[in-house]
Amino acid sequence: MAADSRRIPLRISNKKAFIWDVDDIALVRSRHNICGILSGTLPHVSQQNVFLGMPLLLMPEEVVLLVENEFAVLIDDPTAHPQPGLQHLQNWDAEQQAGIERQIAMLEAKEAKENTKGYAMTVEALQKRQAREEKRAAKAKLAQESGELGSLSAMLSLESPAVTAPSSSVNETSESKSASSAGHTVVIPTSSTTLEWYNTDSSCTYTTIAAAKEAGIWDYPSTLQERARCGVFRNLWERGYFMGGGIKFGGDYLVYPGLFLEVYLVEIKSDFWMLGDPLRYHSHFAASVLQSPASGLRPMEVVAHGRLGTATKKAHLLCGWDDEKKEVSYLTIEWAGFG
């Protein structure tokens, strides 16, 4: 895959980051080990919530990582969608009507082609039937000349009726199809950037977390616990791991096996960077973030983490963040099963 230096747009709404382009979703997953969570319903099965579609909702830690590494920019989505003017709406409506007319014209051309093809097949069938009748008549004449009147009578009784012109039902069917109202499909684009009134200037785009905080569209991280989560997430990411939400397993993250590649840091992309993708592997750890290496843990918490991790075939990973040194220390807990 060729290197792509383009920064991915993360659209911020209500201080949550979304990716609406399917190519960008594939890029952050394959290049940057960022999975996110699909949060949109599918068009044809909107009443279910098992298989979801775009947009991709990112965790705050994923957003901070992408922006700080200059992989993405933040876009204030409400500001980028100003109220359209009357001329904008008229132009949009004209484009919609032109699209509908094109669809109807294509449908009519397709129907005409199918009707012509059906009539041609009917003529061909009639020609084959006529050939069979001529062959049968030749056999009857030969039998008459040889004096086999009984056979001739039997053959004449089996003779099919005369070939007639094609039935008018074919034409009536095609006319009824043409007379029926042609349907059309309304296409709803997943990206608003093609709209005439979409604001594309730099006033809605922020390249740093500090600038986004100053504008009031983003506020993460703002506490010691949030800084600890960002620091732990970055440290695990730099080791090549994939991370996902771990609340169902009693932790902050699920950590999937990875392979740290020094060559990635010098912009040499490798397929091995996909090792550990959650679509292909089970997680190895359920990680909990501690805002300080000296943070206390109750014995019940230690037991709960150990037994829950073992029951789900994972080790529980305690991640202690040192805010002064900007370092992470790790400790795993597993249920030994003795005593």
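Residues numbered from 1 in each chain as written. Predicted model: local features only at pLDDT ≥ 70, side-chain atom pairs only at ≥ 80, totals over all residues. Heavy atoms only, no water.

Q: Go over the environment of Phe51 with me, naming the residues and quoting the values.
A: Following the sequence through the fold, Phe51 ends up in the loop between β3 (37–40) and β4 (53–57). Remark: the alpha-carbon pair of Phe51 and Leu38, spanning 13 residues in sequence, is separated by 8.6 Å. (Helix = DSSP H or I, 4+ residues; strand = E, 2+ residues; numbered from the N terminus.)

Q: Report on the pairing of strand β1 (residues 8–13), specifying residues and quantitative values.
A: Among the 6 residues that make up β1, 5 are buried, leaving the element largely enclosed by the rest of the structure. Sheet analysis places β1 next to strand β5 (residues 72–76), joined by 5 bridges and oriented parallel. Across the sheet, residue Pro9 finds its bridge partner in β5, namely Val73. By the bridge criterion, 3 bridges tie β1 to strand β2 (residues 16–19) in an arrangement that is antiparallel. Bridged to Arg11 within β2 is Phe18. The loop that links β1 with its antiparallel partner β2 comprises 2 residues; one of these, Asn14, has a positive phi angle of about 55°. (Buried < 20%, exposed > 50% of the residue type's maximum accessible area, 1.4 Å probe, protein only. Pairing = 2+ DSSP bridges.)

Q: If you had to explain the pairing of strand β9 (residues 285–290) to someone new, which residues and values would you point to?
A: Side-chain direction in a regular strand flips from residue to residue, so the side chains alternate between the two faces of the sheet. Burial analysis of β9 places 5 of its 6 residues in the buried class, the great majority of the element. Pairing geometry for strand β8 (residues 253–256) and β9, over 3 bridges, is antiparallel. Across the sheet, Tyr253 pairs through a bridge with Ala287, a residue of β9. Bridging between β9 and strand β10 (residues 315–322) involves 6 bridges; their strand directions are parallel. Bridge assignment links Leu290 to a residue of β10, and that residue is Gly320.

Q: Account for a positive patch on the surface, naming residues and giving values.
A: A contiguous patch of positive charge on the surface is contributed by Lys128, Arg129, Arg132, Lys135, Arg136 and Lys139. The residue Arg132 is located in helix α4 (residues 86–145) in this model. For Arg132, a relative accessible area of 51% gives the class exposed. (Patch = residues over 30% accessible without salt bridge, like charges linked within 9 Å, V, L, I, M, F, W, Y side chains within 5 Å. Areas by Shrake-Rupley, 256 points an atom, 1.4 Å probe, with all protein chains shown as cover. Salt bridge = Lys/Arg side-chain N within 4 Å of Asp/Glu carboxyl O. Lys, Arg positive; Asp, Glu negative; His and termini not counted. Charge placed at Lys NZ, Arg CZ, Asp CG, Glu CD.)

Q: I'd like a description of helix α8 (residues 224–238), backed by residues and values.
A: In this model α8 runs 21 Å from its N-terminal to its C-terminal C-alpha over 15 residues, within 8% of the 21 Å that 1.5 Å per residue would give. Within α8, the full set of buried residues consists of Ala228, Arg229, Cys230, Gly231, Val232, Phe233, Asn235, Leu236 and Trp237. Positive phi appears at Gly240, one or two residues downstream of α8, with a value of about 95°. (Expected span 1.5 Å × (residues − 1).)

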